[in-house]
Amino acid sequence: MEFVEKYLENGLELVKIYSKTKSSYFTVAPERGAIVVLLNLSGKEILYLNEATLFDRTKNIRGGIPVLFPICGRVVDGKIFFKGQEFEMKNHGFARDSSFNIAGYIDMPDENGIALRLSSSEFTKRFYPYDFELLMQYLLSDEMFEVKMIVKNEDSSIMPFYAGFHPYFLCNKDEFTLKLECEKCFDDVEKRFINLQDFKEIDFSKPEVNLDFLDVGSSEVEITLDRDKKIVLLKDENFKNIVVWSLKDFDFVCVEPWMGEHEGYINNKFYYLEPGAIFEGWFAIKLASK
């Protein structure tokens, strides 16, 4: 297919997908958790990436769009219970440490894309004792990139999970702005709720910013990455929370659509999928209208 380019870099297989006009493209690493590591929309670089972490398989990738499954957020002491047994679980789950298979390519009238599949295995059952299939679909037009997550419960038991995504946006923090509809925000660094009526802007002079915007009412989140680069993050109702995370002296801000929240499993805040049932969720990144 003329819109697909596959190549090896430092021993890692990468797949580059172009839009119909080839004015936009993205790159995905199937073996590294199906992570999208690069996104260019009409000549604008959207994502931050530390390449050294991409090619060092002992490290979590700092950048791109990590897939968070079956948990998004923190797991206390790296332990979690499923089916009455204790399992190890890293923060944000195991999908980002898993190798996905290419399930096929998508050629539609206005979009091109790729589908990647992760199925339960001996590896996944070390952490999560369920039979499942996780299908990621990435779709691209000239001005929009869409992510679809499809989860099928192939187990005989009800399957609990809450998933999410961790986009690292390349930005100038002095010009960064965020607009969304929300009434509750928890500062996960200072461990307190913020009075949003007095909230004016994010203080990036702090060593770490970690803000959990809970029950976000708007389906669109408007983001200014710099004066010449404005985007809109679109999401469906499954991804009800938006986490904003950043570290001082790094030119990224993560704006993350999550189904759940940090340590939500402690209060049993799972999405429960019946045997044989299918979950579908999506979010998208598009260039804002000028």
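Residues numbered from 1 in each chain as written. Predicted model: local features only at pLDDT ≥ 70, side-chain atom pairs only at ≥ 80, totals over all residues. Heavy atoms only, no water.

For the protein chain, the name recorded in an unreviewed UniProt entry is Aldose 1-epimerase, with Caldicellulosiruptor owensensis as its organism.

Draft legend 1. Inspection of empty space enclosed by the protein at higher detail. Summed over the entire model, instances satisfying the criterion amount to 1 cavity of 30 Å³ or more. A volume near 70 Å³ is recorded for the largest cavity. Along its surface, the largest cavity is lined by Arg 32, Gly 33, Ile 35, Lys 59, Asn 60, Ile 61, Pro 66, Arg 96 and Asp 97. Its residues assigned to classes, the lining of the largest cavity shows 3 nonpolar, 2 polar and 4 charged. (1 Å grid on protein atoms, 1.4 Å probe; cavity = no way out; pocket = protein on both sides within 12 Å on 5 of 7 lines; lining within 4 Å. Points joined across faces, edges and corners; volume = space filled by probe spheres on them. Nonpolar A, V, L, I, M, F, W, Y, C, P; charged D, E, K, R; others polar.)

Draft legend 2. Focus on the environment of Asn 153. If you trace the backbone, Asn 153 turns up in strand β12 (residues 144–153). Given a relative accessible area of 1%, Asn 153 falls into the buried group. Put simply, Asn 153 and Asp 131 are 22 residues apart on the chain and 6.6 Å apart in space, counted from C-alpha to C-alpha. Residues within four places of Asn 153 in sequence aside, it is in contact with Asp 131, Ile 158, Met 159, Leu 273, Glu 274, Pro 275, Gly 276 and Ala 277. Among the polar contacts listed, one links the side chain of Asn 153 to the backbone oxygen of Leu 273, at a separation of 2.8 Å. Among the polar contacts made by the side chain of Asn 153, one reaches the main-chain carbonyl oxygen of Glu 274 at a distance of 3.3 Å. (Helix = DSSP H or I, 4+ residues; strand = E, 2+ residues; numbered from the N terminus. Buried < 20%, exposed > 50% of the residue type's maximum accessible area, 1.4 Å probe, protein only. Contact = heavy atoms within 4.5 Å. Polar contact = N/O pair within 3.5 Å; in protein donor to acceptor, adjacent residues only side chain to side chain.)

Draft legend 3. Representation of the packing of aromatic side chains within the structure. Taken as a whole and assessed by the stated rule, the structure comprises 33 aromatic pairs. Pairing Tyr 128 with Phe 132 gives two aromatic rings, centres 5.9 Å apart and planes at 65°, and the pair type is edge-to-face. Consider the rings of Tyr 162 and Phe 270, whose centres lie 5.5 Å apart with planes at 45°: the pair is tilted. Of this pair, Tyr 162 sits in the loop between β13 (159–161) and β14 (164–165) while Phe 270 sits in the loop between β23 (252–258) and β24 (271–273), and the two are 108 residues apart along the sequence. Since its relative accessible area comes to 1%, Tyr 162 is described here as buried. The ring of Tyr 25 has Lys 16 lying over it, and the distance from NZ or CZ to the ring centre is 4.3 Å. (Phe/Tyr/Trp six-rings, centres within 6.5 Å; stacked < 30°, edge-to-face > 60°. Lys NZ or Arg CZ within 6 Å of the ring centre and 35° of its normal.)

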